[in-house]
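# Structural overview
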Amino acid sequence: MAKHLIMGTAGHVDHGKTSLIRALTGIDCDTHKEEKERGITINLGFAHLELTDELSLGIVDVPGHKDFIKTMVAGAHGIDFVLLVIAADSGIMPQTREHFNIIKMLGVKNGLIALNKADLADDEMIELAKLEIMEFVEGSALENAPIVPVSSIIGLGLDELRQEITKVAECISEKSHSTLFRMYIDRIFNLRGVGIVVTGSVLGGEIGAGQDIFLLPGKYGKLKVKSLERHGKSVEKVSAGDRAAINLSGLKYDDFERGMLLAGEPLPEITLLDARIELFPGNQRIGVWSQMIFQTGTFSSKAKIHLLTKDEIAGNESAVAQIQLEKPAILLNHDRFILRNTSNYLTVGGGIILDNRPLHHRRRTEKLRQNLEALALAITSQQNLNAIIRLEIEKANKPILIETLAALLTKSIPEIETAVSQSELQSSLIEFEGNKYFVSESFSGKISTKIIGALRAWHAQNPLKERGLEVREIAGKVNMTGNFDLFLLGKILGKMHSEKVLRKVDATYVLKEHQVKFDRKMQDQITWLEDTIHRSGMQRSSINELESIALTQNIKKGQLVMYLQYLAANGKIYFYGEDILHNRLVDKIRRTLLLKLNESPRGINEKEFRLLVDGTKKAIQALITLFVQEGIIEKQTFYLLITEKGKELI
Ligand SMILES: Nc1nc2c(ncn2[C@@H]2O[C@H](COP(=O)(O)OP(=O)(O)O)[C@@H](O)[C@H]2O)c(=O)[nH]1
Ligand SMILES: [Mg+2]
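These numbers were taken from a predicted model, which means no experiment stands behind them.

## Digging into the overall build of the protein chain
Helix and strand counts for the protein chain come out as 20 helices and 35 strands. Taken over the C-alpha trace, the protein chain has a radius of gyration of 41 Å; the compact-globule value for 650 residues is 26 Å, which it surpasses by more than 25%. For the protein chain, restricting intrachain contacts to residue pairs at least 6 apart in sequence, the fraction spanning at least 24 positions comes to 67%. Of the accessible surface of the protein chain, which amounts to about 31500 Å², a share of 49% is contributed by carbon and sulfur atoms.

The structure is reproduced here in structure tokens:
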């Protein structure tokens, strides 16, 4: 399988980067007239090197002059490894250091060193230069990188350099082709008969001829890929790690601005982000607030930096900061950037984006600091995807579709599913009507807290009721009434039930600790009330009548209703409309009636029933309805008859 990789040059001006690329590839990167005149590379140079049948390497040649660091940063963004060029006759120079710092900050972890102009140095100088370089790269990713003495003028060491480049390239794994396609545009041409052609280093994903593509930021809408070239040859598609030329339809030359990129999807513009920033070694220092130039790819903007986790940082130190950009950018989490001083254009450091949609952090709380540091650690320590997913779903603070999460993290859905499958995050993933959602533990926790609050309030208002609330009643109180909400609520209630936070009483949920409870005084009042109702016998007692008697016992209306509900719920009293009978009396009447009916084959009528038990008309009618419902008597025209079920009761 062909491999897609880009090598970038780095090093001080005049150390021979461009000459070396020309010697290796035959391609002259200094093609611009102005550059020829000034003798330095202003724009980026591009070449390619056919290493093996399988390996055609893209090359970006950057300028070494200190005035063109911005161009260097643009060129270095997206390279897979670095060819650091150091002239044997002058050794490490300021831009050797500056370029190397930038390369490291951009996350480039592979490369090799060409010790150029070997023709100008004797063996001893070469050995000294090697020692100096070994000390320079100590502790960095290039610590054990090969140092190859070469001369681009007399052709010394070129074969060995090519071999070492091949070895490095063979050891590197390509960037992912399954992520979102992105490419910063570093050149744009308007070619006669062809139209607009743009070039760049493909940062991720892939794109093919005929596909839709978006020019961002801005409102250009969809563009179409007409045709593609890779390393000067026409191809069907280009992918991460390619230097690509894309022929676009739908774009005018004047629509283009520096800093724009092409993306496979219309990504949102952002101006606010949280990032881990780090200063290069040196004696610079920044405080809580500072102004910087923020640079990533070909994009650059003034930016306000607000340190969140420290009050100041010095050389070699890092902190999490909130960055406010002056211009809108298209940035994804984990993108790397460079920070430059606004006044003297010194490159001071850089960083990695932790969160491209942060909240505006006005105050720096301890909790915020802890969260951001955890996020920084998760992202910078070999990208622990599960930790990132957890932080992202926690931050969402509501259920989040797996598709949405995948887009936010620029991962595929299978990547996310695989990552969570062996972790406790699996239990945060719930499926509803064919969609998969992540629901964070803290979100479920918040709902649980609301449920407990609602039940606590309910029990406080109804201390004498056994029952709690039904799912739908809870849904209303915690504001979760949509279909998905109800489904989620059911799951959370089920979990609370299995964890024994809740009990069930019939179809209602009740707090575990809930007990129908009353104090001595209440007990006395309830006993008095029950006796009163019992004593009044068939003399009807209505709530209204009871109310005035109850007042003599210092029972207020609300309390009275509560006591009555309690007595009814416990089967002590029987309500018919507003009126009440004690259940012991109802039992007695039931028995009297059944015995009577059993002796009278033709039954008795309603009036006879009234005389039998000395009841009011209303009470008698209510009792007849009750006994018919119980199935122990039946009514035939005006007569009441006992049923088989009634006979069994005697
Ligand atoms: N003697 C000698 N001169 C070289 C060598 N490589 C480059 N140069 C010269 O150094 C100058 C700067 O080279 P260039 O490739 O433009 O350097 P760059 O700024 O790093 O791209 C040119 O005049 C080259 O001819 C070399 O290996 N030996
Ligand atoms: Mg050059």
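Once you've had a look at it, read on.
## Let's talk about the pairing of strand S35 (residues 639-642)
Note: strand S33 (residues 604-605) against S35, two bridges, orientation antiparallel. What sits directly across from Asn 605, in S35, is Tyr 639. Alignment of strand S34 (residues 633-636) against S35, held across four bridges, turns out to be antiparallel. Its bridge partner being in S35, Lys 635 is matched across the sheet by Leu 640. In this antiparallel pair of consecutive strands, S34 and S35, the connection spans two residues, and Thr 637 shows a positive phi of 40°.

## A few points about the packing of aromatic side chains
Enumeration over the complete set of coordinates arrives at seven aromatic pairs. Ring geometry for Tyr 574 and Tyr 576: centres 6.2 Å apart, planes at 20°, overall stacked. In this structure Tyr 574 comes out as buried when scored by relative accessible area, which is 15%.

## Quick word on the sheet that holds strand S6 (residues 147-149)
In spatial order, the strands read S2-S3-S1-S4-S5-S6; together these six strands make up an open sheet with mixed pairing. For this open sheet the edge positions go to strand S2 (45-50) and S6, each flanked by a neighbour on one side alone. For this sheet the average axis-to-axis angle between neighbouring strands, irrespective of direction, equals 25°. Bridge count for strand S4 (residues 81-87) against strand S5 (residues 111-116) is six bridges, and the pairing is parallel. Opposite Ile 86, over in S5, you have Leu 115 as the bridge partner.

## Focus on helix H3 (residues 69-76)
Along H3, seven of the eight residues are buried, which leaves the element largely enclosed by surrounding structure. Buried residues of H3: Ile 69, Thr 71, Met 72, Val 73, Ala 74, Gly 75 and Ala 76, and no others. As for H3, its buried residues are in contact with strand S3 (56-61), helix H4 (94-105), strand S19 (289-296), strand S23 (336-341) and strand S24 (347-355). Once H3 finishes, Gly 78 follows within two positions and takes phi at roughly 100°, a positive value.

## Thoughts on the nonpolar core
The biggest cluster of nonpolar side chains holds 36 residues, and the ones touching the most others in it are Ile 102, Ile 103 and Leu 115. Counting only elements with at least two residues in this core, the list comes to strand S1 (6-10), H3, S4, H4, S5 and helix H5 (123-137). Counting residues per element, this core draws most heavily on H5, at five residues. Ile 102 has contacts with Ile 69, Met 72, Val 73, Phe 280, Ile 338 and Thr 347, leaving out every residue within four places of it along the chain. Listed in part, the 33 residues of the second largest apolar core include Tyr 184, Leu 267, Phe 294 and Phe 299.

## Details of the site of ligand 1
Taken together, 15 residues are adjacent to ligand 1, and Asp 14, Lys 17, Thr 18, Ser 19 and Ser 152 come closest. A distance of 2.8 Å separates an oxygen atom of ligand 1 from a polar atom in the side chain of Thr 18. Take Lys 117: an N or O atom from its side chain is 3.3 Å from an oxygen atom of ligand 1. Alone, ligand 1 offers 580 Å² of accessible surface; in the complex the protein occludes 77% of this. The dominant element in the shell around ligand 1, judged by the number of residues it contributes, is helix H1 (residues 17-25), at three residues.

## What about a negative patch on the surface?
There is a patch of like negative charges on the surface, built from Asp 122, Asp 123, Glu 124 and Glu 127. As for its position among the elements, Glu 127 is in helix H5.

## Remarks on the pairing of S24
With nine of nine residues buried, S24 lies mostly within the body of the structure. Strand direction decides the pairing type here: strand S17 (residues 270-279) and S24, joined by six bridges, are antiparallel. Residue Arg 276 lies in a different strand from S24, and its bridge partner there is Ile 352. Bridge analysis of S23 against S24 gives five bridges, and the strand direction is antiparallel. Paired with Phe 337 across the bridge in S24 is Gly 351.

Quick notes on the rules
- Residues numbered from 1 in each chain as written.
- Chains lettered and ligands numbered in written order.
- Predicted model: local features only at pLDDT ≥ 70, side-chain atom pairs only at ≥ 80, totals over all residues.
- Heavy atoms only, no water.
- Helix = DSSP H or I, 4+ residues; strand = E, 2+ residues; numbered from the N terminus.
- Rg over C-alpha atoms; globule rule 2.2 N^0.38 Å.
- Contact = heavy atoms within 4.5 Å.
- Areas by Shrake-Rupley, 256 points an atom, 1.4 Å probe, with all protein chains shown as cover.
- Pairing = 2+ DSSP bridges.
- Phe/Tyr/Trp six-rings, centres within 6.5 Å; stacked < 30°, edge-to-face > 60°.
- Buried < 20%, exposed > 50% of the residue type's maximum accessible area, 1.4 Å probe, protein only.
- Axes fitted to C-alpha atoms, helices over the stretch in contact; angles between N-to-C directions.
- Core = buried A, V, L, I, M, F, W, Y, C linked by side-chain atoms within 4.5 Å.
- Near = heavy atom within 4 Å.
- Polar contact = N/O pair within 3.5 Å; in protein donor to acceptor, adjacent residues only side chain to side chain.
- Patch = residues over 30% accessible without salt bridge, like charges linked within 9 Å, V, L, I, M, F, W, Y side chains within 5 Å.
- Salt bridge = Lys/Arg side-chain N within 4 Å of Asp/Glu carboxyl O.
- Lys, Arg positive; Asp, Glu negative; His and termini not counted.
- Charge placed at Lys NZ, Arg CZ, Asp CG, Glu CD.

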